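This is what each chain is made of:
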Amino acid sequence: MKQVLLLHGPNLNMTGIREKGVYGSETLEDINRELMEYASKLGIALEIFQSNHEGELIDKIHEAYGKKDAIVINPGAFTHYSYAIRDALAAVQLPAVEVHLSNIHQREEFRHTSVTAPVCKGQICGFGKWGYFAALDLVNRL
Ligand code: DQA
């Protein structure tokens, strides 16, 4: 069974409440529940963790070393400036997929840069919650 860690970064706990036009009206809890079901259908053991704190996300990435087969991560705003999360992803050398609910390339200029994507296998953005489902399909094929 593939062991996959799904990380949600800052403010993603407010999904379904904040900027519904951008991020949708489903809560993170709803999305996570559907993802857990989908993962079990794929035969993936999925652990999901959300934090608003950079260090907690980094600790989780480190913990994945030697235990998980892949990481799916939506680093939220950390995407655009956290060299520390980027270094943590590079350190554990696990295949990672970066996911964004919104299409960051259609939004403000500061969102066009991802410092984390270069250390990931790839990035999925603009498909709302379906990006996470696609990421699970992809890591299942790695
Ligand atoms: C986001 C995009 C980021 O720019 C933003 O800071 C987020 C959410 C997304 O899922 O579209 O918090 O990662």
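Residues numbered from 1 in each chain as written. Predicted model: local features only at pLDDT ≥ 70, side-chain atom pairs only at ≥ 80, totals over all residues. Heavy atoms only, no water.

Details of the site of the ligand
The environment of the ligand is made up of Pro 10, Arg 18, Tyr 23, Asn 74, Gly 76, Ala 77, His 80, His 100, Leu 101, Ser 102, Ile 104 and Arg 111. At 2.8 Å, a backbone N or O of Leu 101 approaches an oxygen atom of the ligand. Contact distances for the ligand include 2.6 Å between an oxygen atom and a side-chain N or O atom of Ser 102. Contact with the protein chains removes 98% of the 320 Å² of surface that the ligand exposes when unbound. Tallied by class, the residues present in the shell around the ligand amount to five nonpolar, five polar and two charged. (Near = heavy atom within 4 Å. Polar contact = N/O pair within 3.5 Å; in protein donor to acceptor, adjacent residues only side chain to side chain. Areas by Shrake-Rupley, 256 points an atom, 1.4 Å probe, with all protein chains shown as cover. Nonpolar A, V, L, I, M, F, W, Y, C, P; charged D, E, K, R; others polar.)

So, the packing of helix 2 (residues 28-42) against helix 5 (residues 130-140)
Contact geometry for helix 2 and helix 5: axes closest at 10 Å, N-to-C directions at 25 degrees. For the element pair helix 2 / helix 5, the angle class is roughly parallel. In the packing of helix 2 onto helix 5, the handedness of the crossing is right-handed. Facing Ile 31, Glu 34, Leu 35, Tyr 38, Ala 39 and Leu 42 of helix 2, the residues of helix 5 in contact are Tyr 132, Phe 133, Leu 136, Asp 137 and Asn 140. In terms of residue class, the contact of helix 2 with helix 5 is built from eight nonpolar, one polar and two charged. (Axes fitted to C-alpha atoms, helices over the stretch in contact; angles between N-to-C directions. Helix = DSSP H or I, 4+ residues; strand = E, 2+ residues; numbered from the N terminus. Parallel < 35°, antiparallel > 145°, perpendicular 65-115°, else oblique. Left-handed = near helix turned anticlockwise from the far one by under 90°. Contact = heavy atoms within 4.5 Å.)

Digging into the pattern of salt bridges
Within the structure shown, the criterion is met by eight salt bridges. Residue Lys 129 is joined to Glu 26 by a salt bridge in which the shortest nitrogen-to-oxygen separation is 3.0 Å. In this pair, Lys 129 is assigned in the loop between strand 5 (122-125) and helix 5 and Glu 26 in the loop between helix 1 (20-23) and helix 2, connecting sequence segments 103 residues apart. Where Lys 129 meets Glu 34, a salt bridge forms, and the shortest distance between an N and an O atom there is 2.9 Å. You can see Lys 129 sitting in the loop between strand 5 and helix 5 and its partner Glu 34 sitting in helix 2, a full 95 residues away along the chain. On the basis of relative accessibility, which here comes to 14%, the residue Lys 129 falls in the buried class. One salt-bridge network, held together by shared partners, links Glu 47, Lys 60, Glu 63 and Lys 68. (Salt bridge = Lys/Arg side-chain N within 4 Å of Asp/Glu carboxyl O. Buried < 20%, exposed > 50% of the residue type's maximum accessible area, 1.4 Å probe, protein only.)

Describing unusual backbone geometry
The backbone of Asn 11 sits at a positive phi, close to 75 degrees, despite the residue not being glycine. Looking at where Asn 11 falls in the secondary structure, it is placed in the loop between strand 1 (2-8) and helix 1. We note that Gln 93 has phi near 55 degrees; this positive angle belongs to a residue other than glycine. Inspection of the secondary structure puts Gln 93 in the loop between helix 4 (83-92) and strand 4 (96-100). Here Gln 93 falls in the exposed class, since its relative accessible area comes to 67%.

Structural notes on the nonpolar core
Nonpolar side chains in soluble globular proteins generally cluster together in the buried interior. Membership of the largest hydrophobic core comes to 20 residues, with the highest contact counts inside it found for Val 4, Leu 35, Leu 46, Val 72, Tyr 132 and Leu 136. Listing elements by their share of this core, those giving two or more residues are strand 1, helix 2, strand 2 (44-50), strand 3 (70-74), strand 4 and helix 5. When residues in this core are grouped by element, the largest group, five residues, is from helix 5. Membership of the second largest hydrophobic core comes to 16 residues, among which are Leu 7, Ile 73, Phe 78 and Leu 89. (Core = buried A, V, L, I, M, F, W, Y, C linked by side-chain atoms within 4.5 Å.)

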